[in-house]
Every structure is written in structure tokens, then in C-alpha cells.
Amino acid sequence: MFGRDFLGCGVWYWLTQMYFLVLFACIEGMLLTVMAYDGFVAICLPLHYPVIMNPHLGVFLVLVSFFLSLLDSQLHSWIVLQFTFFKNVEISNFFCDPSQLLNLACSDSVINSIFIYFDSTMFGFLPISGIFLSYYKIVPSILRISSSDGKYKAFSTCGCHLAV
């Protein structure tokens, strides 16, 4: 197993690693939700697509995803920085996630653990529920298409998103 010496690698090493882990995980979920919304509008409201999904809205949704992910990552880093840790602690994983770092804290971390788990649940649950809701609306719309070529086109449009 890969070991990371807490003091040998330095505080900024594991904090940077945790920061980018949370940032990229959060932004992936948010962008997949934006893609699901785009697919919903394209398949369920095809005539309104150019009006609803204009370039300004697309840029806005991507920027909101990015800034919410930055905020979430900042919150995780700020919470972890509030703790005092043992010296010479070894983390026996390749990467440092917030829950693992909370287990190593000397100070009481119950409230912060609850906040981190709640925050992670919300940033995981909301994107997944948005994706499920959009596909809940997309699948009946596709099944109402009479031609098999139309169904194939619509399902192939959604297939790449579902594969991710």
C-alpha cells in the first residue's frame, strides 16, 4: 500500500490533493447534471431548444457548476485546516480524502464530520436526482416516437451520457 507520511510530504501536499479531489468530483457531478438537462431540453422540447439552451445559459450553467465546486472544495479544506493532528502519522492510501483526515484529528471532529458528510451527500444526491429526473422525462418521450430510426437517434444521443 502507498503510505504518505503526514509531515514528510507536508501539509500543503495532502491539502492540495484533497482540494483537487473534492473539486473534480464535485464538478463532474454538476456537469453531468447540466448535460442531462441539455439532453432533456433537446429530446423533450426540440422546438424550444434554441431559445432555452442559448449560449448564455450554457456558459452560465458551466460557471455555476465550477464556482459551486470551488466553494465546496474550499469548505472541505477550511474544515480540515481547523484541526490539530498527531505528528508522524502515516496515511495508508494513495490519496487523502476529508473523512480519512478527520479520523486522524486530535481535536473533537464530530460536528465537522457531520457537516462534511451532509455536504458530500448533498453534492452527490442533488446531481444524481437531477440526472434521474431528466431521464425519467426523456425515456417516455423517446418511447412515444413512432419510427425506429427516430428512437435509435434519440437513444444514441443519450447513450454517451449514460455511459459516463
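The structure contained in this document is the topic of the report that follows. Just so it is clear, the structure is predicted and the values come from calculations on it, not from any experiment.

1. Focus on the overall build of the protein chain
Helices and strands together make up the secondary structure of the protein chain, namely seven helices and two strands. What you see in the protein chain, going N to C, is helices and strands ordered as β-α-α-α-α-β-α-α-α. Counted over contacts in the protein chain with a minimum sequence separation of 6, partners at least 24 positions apart contribute 70%. Surface accessibility of the protein chain: about 10,400 Å² in total, with carbon and sulfur atoms responsible for 71%.

2. Details of the packing of aromatic side chains
Overall, the coordinates contain four aromatic pairs when judged by the stated rule. Relative to Phe24, the ring of Phe20 has its centre 5.8 Å away and its plane inclined at 25°; by these criteria the two rings are stacked. With Phe20 and Phe24 both in helix α2 (residues 11–44) and four residues apart, this pair spans about one turn of that helix. Counting every residue linked through ring pairs, the aromatic cluster contains Tyr19, Phe20 and Phe24.

Cut-offs and rules
- Residues numbered from 1 in each chain as written.
- Predicted model: local features only at pLDDT ≥ 70, side-chain atom pairs only at ≥ 80, totals over all residues.
- Heavy atoms only, no water.
- Helix = DSSP H or I, 4+ residues; strand = E, 2+ residues; numbered from the N terminus.
- Contact = heavy atoms within 4.5 Å.
- Areas by Shrake-Rupley, 256 points an atom, 1.4 Å probe, with all protein chains shown as cover.
- Phe/Tyr/Trp six-rings, centres within 6.5 Å; stacked < 30°, edge-to-face > 60°.

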